[in-house]
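Understanding the architecture of this molecule
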Amino acid sequence: MLNRRILRIKVMQSLYALYQTKVSNYHLGIDEIGEVFAPDLMSPDVQDLPALDLKKKTAQTSYEAYFEKKDTGYLNQEPEIRKAITDAINQYHNAHGRDVEHFKKMLLEDVARVESMYKLVLFSATRLMAIAEADATEGIHTVVKSEVPEYFYKLKNNAVLQAIEKNKSLRNFVEKHKLNPPVDHLKTVYKKKIKQDPLYIDYQKNPDTTFEKDKEIVLHLVKTYLFKNEQLDAYWEDLDYNWNENDEAIRSLTLKAIKGITESSDENYQLPSLSPNWEDDQEFMLELYKQSTGFDDEAEKLITDKVQNWDIERLAFTDRIILKMALTEMVKFPNIPVKVTINEYIELSKSYSTPKSKQFVNGLLDTISIDLQKSGLIRKSGRGLMDNK
């Protein structure tokens, strides 16, 4: 399932990519100013190269001062220099605005891919029915196929797999999104792994079966062979570049879908959504991304003011993103307790930053949160939140 910690991780990854483009856009502005004052190699006139170089350095210095100190002194420069700086700044902001929207779109696509992958894996499990039947009758003449023991068809007649295959919403989703189960890979896994599995052999050869036994073997095959299988993992990774991070949520959704099937389930039974309250969770994810991009400068200043004896550029890039997201959540999300926010981002730092980040993130967030509560910038509302703790 996509819980809010996973959604915070996805927002963090989007912000990481966004901040990388901010750096690139910033340096492109410096390069563009350099182009403005570059000598014209095709000009027949003699050019004052020292004067051009001075203008370039003056413009680039003023451009850097604008971003580092919010210094607008460039407006007092001579028209040619002022125009070069203004154009570079405008191009930076325009590019950044496009990037914000681009990574928001990518964020939504990443989440949508989780749903696609879980439904693809779920539907892929049903292909094992035909694979098992074909393998059981391989090399047997059609006339004598009836002589094959009935237990060889047990997986084909598995009630849970049949229920999954007949599910209308799943079939419509698979067709609409043109999802293709990896049949060739599944055949290989069946022949080399599943056929030798003791639990599967016992299931196959036992003439008696129940709905619960059918469900038990499906859960076992999915957990053991559709996930954590080197060959299939490589296939899933080709479809989802975040598979290594998404597979836990995809696995949870897939298994929940199987566990939810009952003997009375018909073709209209409801598949689980990405989370129990997906509309609220999606709104939280998008708002966290939006507020984090908008609160970035303020968060940067809050961090800088607390690490005056430490160059903020020396902080691990991921730490800076984690700290900014946490501060955004403290200030912009009045219904989330401060302690919850701090604990969530400490957990993120454990998995995604340096070994020492946990203590650093904890200490800095705790200190800044106290200051923000005293200044009134953190205002929590709702039951149990009036004390801002």
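As a starting point, this report considers the structure included with it. (Residues numbered from 1 in each chain as written. Predicted model: local features only at pLDDT ≥ 70, side-chain atom pairs only at ≥ 80, totals over all residues. Heavy atoms only, no water.)

Right, let's get into the overall build of the protein chain. When helices and strands are counted, the protein chain shows 15 helices and 0 strands. By its C-alpha atoms, the protein chain is 95 × 70 × 35 Å across when sized along the principal axes. Within the protein chain, the fraction of its 389 residues that count as buried is 45%. Counted over contacts in the protein chain with a minimum sequence separation of 6, partners at least 24 positions apart contribute 76%. Of the roughly 21,300 Å² that the protein chain leaves accessible, carbon and sulfur atoms contribute 50%. (Helix = DSSP H or I, 4+ residues; strand = E, 2+ residues; numbered from the N terminus. Buried < 20%, exposed > 50% of the residue type's maximum accessible area, 1.4 Å probe, protein only. Contact = heavy atoms within 4.5 Å. Areas by Shrake-Rupley, 256 points an atom, 1.4 Å probe, with all protein chains shown as cover.)

What follows covers the packing of helix 14 (residues 338-352) against helix 15 (residues 357-375). Helix 15 packs onto helix 14 with a crossing angle of 155 degrees between their chain directions and a minimal axis gap of 9 Å. Between helix 14 and helix 15, the angle falls in the class roughly antiparallel. Helix-helix and strand crossings are classified by hand; for helix 14 and helix 15 the assignment is right-handed. Two secondary-structure elements touch here, helix 14 through V338, I342, Y345, I346, S349 and K350 and helix 15 through S357, K358, V361, N362, L365, D366, S369 and Q373. (Axes fitted to C-alpha atoms, helices over the stretch in contact; angles between N-to-C directions. Parallel < 35°, antiparallel > 145°, perpendicular 65-115°, else oblique. Left-handed = near helix turned anticlockwise from the far one by under 90°.)

The geometry of two aromatic rings is summed up by the distance between their centres and the angle between their planes. Counted by the stated rule, this structure contains 12 aromatic pairs. Ring centres of Y235 and W236 lie 5.5 Å apart, and the angle between their planes is 75 degrees; this geometry places the pair in the edge-to-face category. Connected via pairs of aromatic rings, a cluster forms that spans Y26, Y63, Y66, F67, Y74 and Y92. The positively charged end of R4 is found above the aromatic ring belonging to F284, 4.4 Å away from the centroid. (Phe/Tyr/Trp six-rings, centres within 6.5 Å; stacked < 30°, edge-to-face > 60°. Lys NZ or Arg CZ within 6 Å of the ring centre and 35° of its normal.)

What follows is about the environment of I85. Looking at the element boundaries, I85 is found in helix 3 (residues 79-136). With a relative accessible area of 0%, I85 lands in the buried category. Counting along the chain gives 75 residues from I85 to K10, while the straight-line C-alpha distance between them is 35 Å. Sequence-distant contacts of I85, that is, excluding residues within four places in its chain, are made with I33, A59, S62, Y63 and Y74.

Quick look at the nonpolar core now. One finds L2, I164, Y200, L226, L327 and L365 to be the most contacted residues of the largest nonpolar core, which totals 94 residues. When sequence neighbours within four positions are dropped, the list of residues in contact with I164 reads L122, T126, L170, I258, I261 and Y269. Of all hydrophobic cores here, the second largest spans 16 residues; its members include I33, F37, L52 and Y63. (Core = buried A, V, L, I, M, F, W, Y, C linked by side-chain atoms within 4.5 Å.)

This next bit is on the packing of helix 3 against helix 6 (residues 183-192). At a minimum axis distance of 10 Å, the contact between helix 3 and helix 6 shows a crossing angle of 60 degrees. Considering the angle they form, helix 3 stands oblique to helix 6. Along this stretch, helix 3 crosses helix 6, giving a crossing that reads as right-handed. For the pair helix 3 and helix 6, the contacting residues are S124, R127, L128, I131, A132 and D135 in the first and V183, L186, K187, Y190 and K191 in the second. Looking at the contact of helix 3 with helix 6, its residues break down into 6 nonpolar, 1 polar and 4 charged. (Nonpolar A, V, L, I, M, F, W, Y, C, P; charged D, E, K, R; others polar.)

Our focus in this paragraph is the side chain of N229. Locating N229 in the fold gives a position in the loop between helix 8 (211-226) and helix 9 (230-239). Note on N229: relative accessible area 10%, which makes it buried. In this structure the side chain of N229 is engaged in a polar contact, spanning 3.0 Å, whose partner is the backbone nitrogen of L232. (Polar contact = N/O pair within 3.5 Å; in protein donor to acceptor, adjacent residues only side chain to side chain.)

The next point concerns the environment of A249. With respect to the secondary-structure elements, A249 resides in helix 10 (residues 243-259). In the structure, A249 is positioned 26 residues away from S275 in sequence and 9.8 Å away in space, judged by C-alpha atoms. Residues in contact with A249, not counting those within four places in the same chain, are M1, L2, I6 and V114.

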